[in-house]
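Structural overview for review
So the chains spell out like this:
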Amino acid sequence: MATTSGLTREGGGGEDDRVMATAQKIVNSLNTSKNAREDMLLILSSFDNRLSNLSYVIKTGSESQSSILDSAEKIILRSDSGMSSNAEAFSWYDSAGEAGDYLDAVDKILDLLDNLSVGPDPEVLDRAETVLQVAMSRLEEEFGHILMRNTVPLDAERLYGSIRRVSLSFAANEGEIDEEFASFEEVESGSVCFHERGGSLGDDLCVDLINSEAVMYLKDIADRMIRAGYEKECVQVYSSVRRDALDDCLAILGVEKLSIEEVQRIDWKSLDEKMKKWVRAVKAGDRVLLRGERRLCDVIFSGSDSAREVCFNETAKGFLMQLLNFAEAVSIVRRSPEKLFRILDMYDALSGVFPDLEAMVTDEFVYSEAKGVLAGLGRAAKGTFVVFENAVKSETSRKPMLGGVIHPLTRYVMNYVKLLVDYSDTLNSLLENDEDELDGLQIDDSERLQLESLSPIARRLLALLSTLESNLEEKSTLYEDGAMRYIFRMNNILYMVQKVKDSELIKILGDQWVRNHRGQIRRYATAYLRAAWSKALSCLKDEGIGGGSNNASSKVALKERFKSFNACFEEIYRIQTGWKVPDPQLREELRISISENVLPAYRSFTGRFGSQIDSGRHAGKYIKYTPDDLENYLIDLFEGTPLVLHHLRRKNSS
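Residue numbers restart at each chain and count upward from 1, following the sequence in its written direction. This being a predicted model, a pLDDT of at least 70 is required before a residue's local features are given, and a value of 80 or more before pairs of side-chain atoms are given or counted; all residues contribute to the totals for chains, interfaces and linings. Note that water and hydrogens are dropped before the side-chain values are worked out from all heavy atoms of the structure.

**Notes on the overall build of the protein chain**
Our working definition: Put simply, DSSP H or I for four residues or longer makes a helix, DSSP E for two residues or longer makes a strand, and each gets a number counted from the N terminus. The rule is simple: take the accessible area with a 1.4 Å probe, protein chains only, and divide by the maximum for that residue type; under 20% is buried, over 50% is exposed, in between is partly exposed. Per-residue and other accessible areas were derived by the Shrake-Rupley procedure at a 1.4 Å probe size, with only the shown protein chains allowed to occlude residues.
A tally of regular secondary structure across the protein chain gives 24 helices and 2 strands. Residues counted as buried form 48% of the 654 residues belonging to the protein chain. Surface summary for the protein chain: the accessible area is close to 32,200 Å², and the carbon and sulfur share equals 48%.

Quick look at the structure:
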């Protein structure tokens, strides 16, 4: 067999080192008995005289390894022997102190195991592995201590910025409308309960979940545990501590662990508060807690992609499932109109954080659950909207409103749909594939084509308001006085127009809707004049008066005409001063319209025939009022305060 001696000198000292290193690796890889190693050394040295020193190198390496192990073992076992289950942890904030020495010792053990010299004694290997186990047990415990000691309690007040309040409330309805509705009246005092869409987080919000100076110490421990093969134990400790911390965060945010049965039994006021807190918790959970946990896992477990993912998923799973379980319970509770907005809040909140969940959560089960809950909230929102539509259609209260004022149903519906505008994007997406709701609208084919181009929520709202108008038309028949029916209709239609015109509803329903309904109010005003004043005006016509001024029958007829007019006017005055037109502009327009129709006719009639009455005795008995008197008395109409014989007090006071 040829030797390698003829090839060894060309490379110089560097070549010698490479040959020695290669030989060391070969012997080291065998990991056999001492005798077998010695035989191998003899064989290798026979190839090249440079390898004759290999035995010395191996012996020297073993002695060096033993020395390193002794030093590291002394530090690790000394620290561990003085530690009980309740012992204080290392001072991790002094890197040159005990903690730093301990980590250095662990590094030496790991280096020793990674780079064993040729032919270590089995006893050395066993000692190193035993010491490493002791060190890992200690580091695992220290890891948990640091996590718990440095967890920062959540400050809920810091999380929320200004709360946008909407001028709507769920106050008691006092029985004016069906119990299907929880009255949704306008805010008129500070005592009402506002609908809040949930807290908005400040743009500059930055919250530490763990004291920042502790994060790098956690990373130092995690790196060594992962390197030593204790990744699973490290992840378990982290996940356990942080799961508990996130549970505490949910409690601070007001989210309780409730079963579906418990949620179903909660009264609406309490459930509304819990739903509101849930919305806030979802936003805070995404913006602060989950993103923060993701960053922590990325930093602390940067040495292992698998540890990063497992750790985050295990930490976040309980937090997310508690939120999702509550939302699932809400999605199947009994549906009623007042719940729609809070359900939409929940849907929007979960939908808003979904891209982050999709990016952060790799647990397929949790992600699938989140998708299912989001879909369930969407179905609940659609179903609750249908409940509201049906409730408007079937509301059958039979108590007429005193004075013809705005019906509570009108207030409820208009404030309800006014708030719905804030959710128009959400509702458009949810209602996109639903059947059109145009069948209930009285429209021609061209209008139908125009409406079909509108958004889903616009079509549904048009149909809804058409249903409301039909219901109000039916309720107006509860009034025996035909004129009052038109006052009632005008008041309610005008209220609807004002709510549309003065809100974002105008962008959905359009200017044409407002113009059409203003025209409807004008038609009702004309119909009111006919119903209320036709009889009085008929008294001021010439027909049936007869011939000349000396005709006795003519004078009798004139007296009867004036008496009839007086009686009609006084009856109208007595009744219609008790009617109420809340809107000052409509009230004034009605008075002007009455004046323009009644006063000229009265002035003309008294001008032509008044002298015939004035020439007789007791003329004031028949011509009680001047045109100016009538104009003054008309000011009292529609104020909601019934007045009787008010003219006598005025005349006497004058």
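Having seen the model, we can carry on.
**A closer look at unusual backbone geometry**
A positive phi angle, close to 65 degrees, is found at Phe638, a residue other than glycine. Among the structural elements, Phe638 can be located in the loop between α23 (627-634) and α24 (646-653).

**Topic: the nonpolar core**
The condition is simple: Note on terminology: a nonpolar core comprises buried Ala, Val, Leu, Ile, Met, Phe, Trp, Tyr and Cys residues joined through side-chain atoms within 4.5 Å. Any two residues whose heavy atoms approach within 4.5 Å are treated as being in contact.
By size, the foremost hydrophobic cluster in this structure holds 177 residues, and its most contacted members are Phe143, Trp278, Phe301, Val413, Leu420, Tyr528 and Trp533. For this core, the leading source of residues is helix α10 (residues 268-300), giving 14 residues. In this structure, Phe301 is in contact with Phe143, Ala222, Ile226, Cys234, Val235, Tyr238, Leu296, Ala307, Arg308 and Cys311, ignoring residues within four places of it in sequence.

**Digging into the environment of Glu369**
Inspection of the secondary structure puts Glu369 in helix α13 (residues 364-394). C-alpha separation for the pair Glu369 and Glu328, spaced 41 residues apart in sequence, amounts to 9.5 Å. Those residues in contact with Glu369 that sit more than four places away from it in its chain are Met321 and Leu324.

**Focus: the confidence of the model for the protein chain**
Rules: Confidence per residue, as judged by the predictor, is encoded in pLDDT with a range of 0 to 100.
Counting all residues, the mean pLDDT for the protein chain is 81, and 73% of those residues have values of 70 or more. Taking the mean pLDDT of every element in the protein chain, the minimum, 40, falls on strand β1 (residues 165-169) and the maximum, 97, on helix α18 (residues 482-501). With pLDDT under 50 throughout, residues 162-176 is counted as low confidence; its partners more than four residues away or in other chains account for 48 contacts.

**Observations concerning the pattern of salt bridges**
For clarity, the threshold we go by: Counted as salt bridges are all cases of a side-chain nitrogen of Lys or Arg within 4 Å of a carboxyl oxygen of Asp or Glu.
Counted under the stated rule, the structure contains 29 salt bridges. With a shortest N-O distance of 2.6 Å, Arg127 and Asp70 are connected by a salt bridge. Linking Arg127 in helix α5 (residues 122-150) with Asp70 in helix α3 (residues 54-81), this pair joins segments that are 57 residues apart in sequence. Overall, the relative accessible area of 27% leaves Arg127 in the partly exposed class.

**With respect to the packing of helix α8 (residues 231-252) against α10**
To keep things clear, this is the line we draw: Each axis is a line fitted through C-alpha atoms, taken for helices only over the stretch in contact, and angles between the N-to-C directions span 0 to 180 degrees. Relative orientations are named as follows: roughly parallel for angles under 35 degrees, roughly antiparallel for angles over 145 degrees, roughly perpendicular for angles from 65 to 115 degrees, and oblique for any other angle. By convention the crossing between two helices is left-handed if the near helix lies anticlockwise of the far one by an angle smaller than a right angle, and right-handed if it lies clockwise. The residue classification treats Ala, Val, Leu, Ile, Met, Phe, Trp, Tyr, Cys and Pro as nonpolar and Asp, Glu, Lys and Arg as charged. All others, Gly included, are polar.
It is at 12 Å that the axes of α8 and α10 come closest, and there the two elements cross at 160 degrees. Here α8 lies roughly antiparallel to α10, going by the angle between them. Seen from above, α8 lies across α10 with right-handed handedness. Within the contact between the two elements, α8 uses Tyr238, Arg242, Leu246, Cys249 and Leu250 and α10 uses Ala281, Leu289, Glu293, Leu296, Cys297 and Ile300. Class assignment of the residues belonging to the contact of α8 with α10 gives a composition of 9 nonpolar, no polar and 2 charged.

**Observations concerning the side chain of Arg561**
The test is simple: Only four residue types enter the charge count, namely Lys and Arg as positive and Asp and Glu as negative; His and the chain termini do not. Polar contacts, as used here, are pairs of N or O atoms within 3.5 Å; protein pairs need one atom able to donate a hydrogen and one able to accept it. Residues neighboring in sequence count only if both atoms are side-chain atoms.
By secondary structure assignment, the location of Arg561 is in helix α21 (residues 552-576). The charged side chain of Arg561 is buried without a salt bridge, its nearest counter-charge being Glu543 at 5.8 Å. Only 3.5 Å separates the side chain of Arg561 from the backbone oxygen of Cys539, close enough to count as a polar contact. Discounting chain neighbours no more than four positions away, the residues touching Arg561 are Ser538, Cys539, Lys541, Asp542, Glu543, Gly544, Ile545 and Phe605.

**A few points about the packing of aromatic side chains**
What counts is decided by this rule: Only centres within 6.5 Å qualify two rings of Phe, Tyr or Trp (six-membered ring in Trp) as a pair; their planes then separate them into stacked at under 30 degrees, edge-to-face at over 60, and tilted for everything else.
Taken as a whole and judged by the stated rule, the model has 22 aromatic pairs. Between Phe354 and Tyr367, the aromatic rings sit 5.5 Å apart at their centres with planes inclined by 45 degrees, giving tilted as the arrangement. With a gap of 13 residues between them, Phe354 in helix α12 (residues 340-360) and Tyr367 in helix α13 connect regions that are remote in the sequence. Residues Phe354 and Tyr367 agree in their burial class; the two are buried. With 3.7 Å between their ring centres and 15 degrees between their planes, Phe388 and Tyr416 make a pair best called stacked. With Phe388 in helix α13 and Tyr416 in helix α14 (residues 408-420), this pair connects stretches of sequence that are 28 residues apart.

**Quick look at helix α17 (residues 456-476)**
To keep things clear, this is the line we draw: Expected helix span is computed as 1.5 Å times (number of residues minus one).
Spanning 21 residues, α17 covers 30 Å between terminal C-alpha atoms, matching the ideal 30 Å at 1.5 Å per step. Of all 21 residues that make up α17, 17 are buried, and the element is covered over most of its length.

**Details of the side chain of Thr315**
With respect to the helices and strands, the residue Thr315 is situated in helix α11 (residues 305-331). Engagement of the side chain of Thr315 in a polar contact is seen with the backbone oxygen of Cys311, the distance being 2.7 Å. When sequence neighbours within four positions are dropped, the list of residues in contact with Thr315 reads Tyr238, Ser239, Arg242, Arg243, Leu246 and Glu293.

**Some remarks on the packing of α17 against α18**
Relative orientation of the contacting elements α17 and α18 amounts to 160 degrees, with a least axis distance of 9 Å. What the angle tells us is that α17 and α18 run roughly antiparallel. Considering how the two elements wind past one another, α17 and α18 form a crossing that is right-handed. Here α17 contributes Leu465, Leu468, Glu469, Leu472, Glu473, Lys475 and Ser476 to the contact with α18, which in turn contributes Arg485, Phe488, Arg489, Asn492, Ile493 and Met496.

**A look at α14**
With 13 residues, α14 should reach 18 Å at 1.5 Å per residue; the first-to-last C-alpha distance of 18 Å fits that figure. Within α14, 11 of the 13 residues are buried, leaving the element largely enclosed by the surrounding structure. Within α14, the full set of buried residues consists of Pro408, Leu409, Thr410, Tyr412, Val413, Met414, Asn415, Tyr416, Val417, Leu419 and Leu420.

**Some remarks on the state of the cysteines**
How we decide: When two cysteine sulfur atoms are found within 2.5 Å, that pair is recorded as a disulfide.
Scanning the model with the defined rule gives 0 disulfides in all. Among the cysteines around Cys539, which has no disulfide bond, Cys568 carries the closest sulfur, lying 4.5 Å off. Since its relative accessible area comes to 8%, Cys539 is described here as buried. According to the relative accessible area criterion, Cys568 is buried, its value standing at 11%.

**Topic: the environment of Gly292**
By the element assignment, Gly292 lies in helix α10. Residue Gly292 is classed as buried on the basis of its relative accessible area, which comes to 6%. Along the primary structure Gly292 and Leu209 are separated by 83 residues, whereas in three dimensions their C-alpha atoms are 6.8 Å apart.

**A short note on the environment of Leu357**
Of note, Leu357 is situated in helix α12. Measuring from C-alpha to C-alpha, the distance between Leu357 and Asp286 comes to 7.9 Å, with 71 residues separating the pair along the chain. Apart from residues no more than four positions distant in its own chain, Leu357 is found in contact with Leu290, Leu320, Leu350 and Ala370.

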